[in-house]
Amino acid sequence: MLRRFLLFMLVVLGLGSAARATKVYADLSASTAVGNATWDATAGVFAWTQSAYAYMELAGFPAGLSGYTQLVVVTEDPTPGNADDTNSYRIDFDLGNNNVVKGSEIGAAYWSYGTKTINLTEKLTPEQLASVQRVRLSTNSNEGSVILKETYLVKPTVFDFDDNGCAVLYPGDFEYTGGLSYNPVTQELTNDGTEGGTMSIAFPLEGIDFSHVVRVWSEVDNTTSGYSQVLSNCNIFQPDGTPVGSGWYSTLFDINYNAYQTSGATVGSISFYGNSTAGKMKFSRIIIKKDMLYAYSGGESNLQAEPYYEKAGEEWVKKDATYNLGIVTETVYGDGNSTPNRYIDISAYDELRVYMSEGNPVRAFFLNPNGDSKIVSASNPESGMAYCKFDLKSIKDELGVAKLIGVKTQYGQKAIVQQLVLYKASGTDIDYVLYGEGDYTASATAAFNDVMAKVIDASGLTENMELSSANPNCLFLVSDASKLSNEKNVLVKGEDGTYACANLALESGYSFRTPYSFTVEAASVKKTVGPNFGTFVSPFEVAVPDGCKAYNLTGVDENNVVTGEETATVAANKPVLLAGDGECTFEAEDVTVEATPASLVNGILNGVYEAGTTAPEGSYVLQTQDDVTAFYKVAEGGKQRVTPFTAYLALPTAAAVNAKSLSVSFDNAGTTRVDDAAAEGPATVEAVYDLQGRKLDAPAKGINLLKLSDGSVKKVIVK
């Protein structure tokens, strides 16, 4: 019970999510013998006088063994040295209704002494496993006995990776043989020096997915009194027993697994091997770190996304790949050499943030102009912060640049670092920056659920992925088209620094913005027009489709009717008035989209791409009521939101127009007006709340309440 409490406290304290094979032990103190058998729970001796009708009911096992993969039985010889050790036993499974599956029927019977394992999923069908009511220890010889030490069921190992991609194995869950033993209370591993020893933990037979694992390391306290390194190396095996790599050595057993993700995509076991000398060491846990998909705010970036330089003779050579920092103990980053041979230029940023779940203060090493190291120490995270920070402004003031060599702890200390993040206080037009691969972190989920996200930098992806945003107009930036399998709105940065997009597909009613100009092979905007009229603005030049007419508005006549000229083409970023009804798709090929300008003005129309934009007091918005449409004036002190890809009408002060509404009359469309109504286009999300009424930054898992621009509230469920 003490051991279980300690492990529980480790999880509660945030030291990683446990990942272990679940064991359910038989309650031997409550087990009973039947027929010609006896059971001495104190001595642990099961004895019988005849093979017929002699067995023992194992208490404590569940009814139904679905989900369990192994049954392990550990026995000893009650009379060692006796030449007549012919006693044997078997395991039977009682399915109820006088239906018993005997061990002899599944090829797992008549065992002698020792540790025996039945692979349940191989020996029993799923239906049989689900039907098991009782497990029996049955006899085979006419007379005999056996010492039953323990018996237990095993469920497959399941890794519960936390949001930082870490899962934990505890040494107390390993099976020990040879001269090794482990005390889970003191966390001491002892080697008696007699056999070298071996300990191992068995993963499920089908293998654990290591395809995204980047690092495996063991936590060993080499500062305690009486410490002695009693382990020699570590091996990771595939399910068929083939080793992954050639083994890893050192006390820490810090394994950079990136190079083995393909050959060791599934893992069957991890084994640690002991030295031949006696000793003792504190061995607390093994951490499995996999890559995750992170999203940083526009002013942040993962350090590993930055290119690095490596010294070749007297020259510094820029490397195409990023330097894999990983996450380790003791040495957080760097090769340990006193002479710098690598650096990452982070001069474009204002802070280096080192996120830590635990550990000692860290130090950053920067390249001095004279070629040696400038050491900067950081304290523990400030109150309310999860990171230590390094002020790069002061580094640049002193050294001219900020060329990071490495991040380390003090000698003999350790730190568990989650992320190394660069921060820029201003000057970014990116909403989110992605880094990594695999499962989404909470930050990535929040980024993709943000309906206001317009630009996401996906160049930090390390594998091909398909991403989606709550905003269908969100642009994804990459430098390599193979990193993203999305069919639309992907901007690829070329070697000359310009961007190109194969398919730009936008929807009116959702936010849009681009900080960069780019070329497009095929571009389109979906727009619903009507009744009768609608306003529209496009980020690229496009012909007016059939079934719709477009007008550049120039002013208002003496009858308070807007005036304009028909146009066959909608110019880029120049809003127009449309006449028509129904959905129209504006399509173009081989066009250029310029970086979004600060204002979108064409005559008396002011275009809008951003959700939440409010038409100023005294301007006019196109509204509909009672099946009529007109431009309605925004009242004094009033606020009227304008839907993205539409426009509001603003007259110069000299026009001296003060009408409550302005009618529209073109061709045969008719003249209409309105006194009060909702603005055109679909409602947009203004705020997100949970069921307790607390405002959220983005929709969270569970039930969310969305407040829309039209005043309504919508309930949505995020799974």
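Rules behind the numbers
- Residues numbered from 1 in each chain as written.
- Predicted model: local features only at pLDDT ≥ 70, side-chain atom pairs only at ≥ 80, totals over all residues.
- Heavy atoms only, no water.
- Buried < 20%, exposed > 50% of the residue type's maximum accessible area, 1.4 Å probe, protein only.
- Helix = DSSP H or I, 4+ residues; strand = E, 2+ residues; numbered from the N terminus.
- Arc of directions from axis to C-beta.
- Polar contact = N/O pair within 3.5 Å; in protein donor to acceptor, adjacent residues only side chain to side chain.
- Pairing = 2+ DSSP bridges.
- Axes fitted to C-alpha atoms, helices over the stretch in contact; angles between N-to-C directions.
- Core = buried A, V, L, I, M, F, W, Y, C linked by side-chain atoms within 4.5 Å.
- Contact = heavy atoms within 4.5 Å.
- Phe/Tyr/Trp six-rings, centres within 6.5 Å; stacked < 30°, edge-to-face > 60°.
- Patch = residues over 30% accessible without salt bridge, like charges linked within 9 Å, V, L, I, M, F, W, Y side chains within 5 Å.
- Areas by Shrake-Rupley, 256 points an atom, 1.4 Å probe, with all protein chains shown as cover.
- Salt bridge = Lys/Arg side-chain N within 4 Å of Asp/Glu carboxyl O.
- Lys, Arg positive; Asp, Glu negative; His and termini not counted.
- Charge placed at Lys NZ, Arg CZ, Asp CG, Glu CD.

J.: I'd love a proper account of helix H4 (residues 392-399), names of residues and values included.
T.: Along H4, the positions that sit buried rather than exposed are Leu392, Ile395 and Leu399. One face of H4 carries all of its buried residues, which in axial projection span an arc of 55°. Two or three places before Lys393, at the start of H4, stands the capping residue Asp391, its side-chain oxygen 3.0 Å from that residue's backbone nitrogen. A positive phi of about 90° marks Gly400, the residue just after H4.

J.: I'd like a description of unusual backbone geometry, backed by residues and values.
T.: Glycine aside, a negative phi is what most residues show, and trans is what most peptide bonds show. Here the residue pair Gly530 and Pro531 is connected by a cis peptide bond, since its omega of 5° sits within 30 degrees of zero. Position of Pro531 relative to the elements: it lies in the loop between strand E42 (518-529) and strand E43 (533-536). One non-glycine residue with positive phi stands out, namely Tyr53, at about 50°. Tracing the backbone shows Tyr53 in the loop between strand E5 (45-48) and strand E6 (54-58).

J.: Go over the sheet that holds E42, please, and point to the residues and values.
T.: The strand order E26-E37-E38-E39-E40-E41-E42-E49 describes an open sheet built from eight strands, whose pairing is mixed. Two strands bound the open sheet, and with one partner strand each, they are strand E26 (293-297) and strand E49 (582-593). Direction aside, neighbouring strands of the sheet carry axes that sit 20° apart on average. As paired elements, E42 and E49 share 11 bridges and run antiparallel to each other. Bridging across to E49, Val525 finds its partner in Phe586.

J.: So what's going on with the pairing of strand E16 (residues 188-191)? Residues and values would help.
T.: The alternating pattern of E16 places Leu189 and Asn191 on a buried face and Glu188 and Thr190 on a face that is not buried. Bridge analysis of strand E15 (residues 180-183) against E16 gives four bridges, and the strand direction is antiparallel. Bridged to Ser181 within E16 is Thr190. The turn linking E15 back onto E16 is made up of four residues, and Gln187 within it adopts a positive phi angle of 60°.

J.: Now, about helix H5 (residues 442-449): what can you tell me, with residues and values included?
T.: Buried within H5 are the following residues: Ala444, Ala447 and Phe448. Buried residues of H5, seen end-on, are gathered within an arc of 90° and therefore sit on one face of the element.

J.: Before we move on, can you summarise the sheet that holds strand E28 (residues 309-312) with the specific residues and values?
T.: Reading across the sheet, the six strands line up as E29-E28-E30-E35-E32-E33 and stay open at both edges, with antiparallel pairing between neighbours. The two strands at the open ends of the sheet, each matched to only one other strand, are strand E29 (315-318) and strand E33 (373-377). Shown here is a sheet whose adjacent strand axes are inclined to one another by a mean of 40°, direction ignored. Bridging between strand E30 (residues 342-345) and strand E35 (residues 403-409) involves two bridges; their strand directions are antiparallel. Among the inter-strand pairings, Asp345 is bridged to a residue of E35, identified as Lys403.

J.: Could you give me a rundown of the nonpolar core, with the residues and numbers involved?
T.: One finds Leu504, Phe518 and Phe540 to be the most contacted residues of the largest nonpolar core, which totals 41 residues. Of all the secondary-structure elements, those providing two or more residues to this core are E26, strand E37 (432-436), strand E39 (475-478), strand E41 (499-507), E42, strand E48 (576-579) and E49. When residues no more than four places from it in sequence are discounted, the contact partners of Phe540 are Leu504, Ala523, Ser524, Val525, Val570, Ala572, Phe586, Ala588, Val591, Thr592 and Val593. In terms of nonpolar packing, the next biggest core, distinct from the first, is built from 33 residues, Phe61, Leu65, Val73 and Leu120 among them.

J.: Outline the packing of aromatic side chains, supporting the account with residue identities and numerical values.
T.: Using the criterion set out here, one finds 18 aromatic pairs in the structure. With a centroid separation of 5.6 Å and an interplanar angle of 70°, the aromatic rings of Phe272 and Phe283 are classed as edge-to-face. Of this pair, Phe272 sits in strand E24 (residues 269-274) while Phe283 is found in strand E25 (residues 279-290), placing the two residues 11 residues apart along the sequence. We note that Phe272, like Phe283, is buried.

J.: Account for the environment of Asn235, with residues named and values stated.
T.: With respect to the secondary-structure elements, Asn235 resides in strand E20 (residues 231-237). Asn235 gets classed as buried once you look at its relative accessible area, which sits at 13%. Along the backbone, Asn235 and Tyr249 are 14 residues apart, and their C-alpha atoms lie at a distance of 9.1 Å. Those residues within four positions of Asn235 in sequence are excluded, and the remaining contacts are Ser246, Gly247, Ser269, Ile270, Ser271 and Tyr273. Looking at Asn235, its side chain comes within polar contact range of the main-chain nitrogen of Gly247, at 3.3 Å.

J.: Could you give an account of the pairing of strand E12 (residues 144-154), with specific residues and numbers?
T.: With nine of 11 residues buried, E12 lies mostly within the body of the structure. With three bridges joining them, strand E2 (residues 23-25) and E12 adopt antiparallel strand pairing. Within the sheet, the bridge partner assigned to Tyr25 lies in E12 and is Tyr152. Strand direction decides the pairing type here: E5 and E12, joined by four bridges, are antiparallel. What sits directly across from Phe46, in E12, is Val146. By the bridge criterion, seven bridges tie strand E7 (residues 70-76) to E12 in an arrangement that is antiparallel. Residue Val73 lies in a different strand from E12, and its bridge partner there is Thr151.

J.: Before we move on, could you go through a negative patch on the surface and cite the residues and values that matter?
T.: Together, Glu521, Glu587, Glu589 and Asp590 line one region of the surface with negative charge. Element by element, the count of residues in the negative patch is highest for E49, at three residues. The residue Glu587 is located in strand E49 in this model. On the accessibility criterion, Glu587 (58% relative accessible area) is exposed.

J.: If you had to explain the environment of Ala505 to someone new, which residues and values would you point to?
T.: Here Ala505 lies in strand E41. Residue Ala505 is classed as buried on the basis of its relative accessible area, which comes to 17%. A C-alpha to C-alpha distance of 9.9 Å links Ala505 and Cys474, two positions 31 residues apart in sequence. If near-sequence neighbours (up to four positions away) are discounted, Ala505 is found in contact with Pro472, Asn473, Lys488, Asn489 and Ser524.

Purely spatial values, then, with no claim about function.
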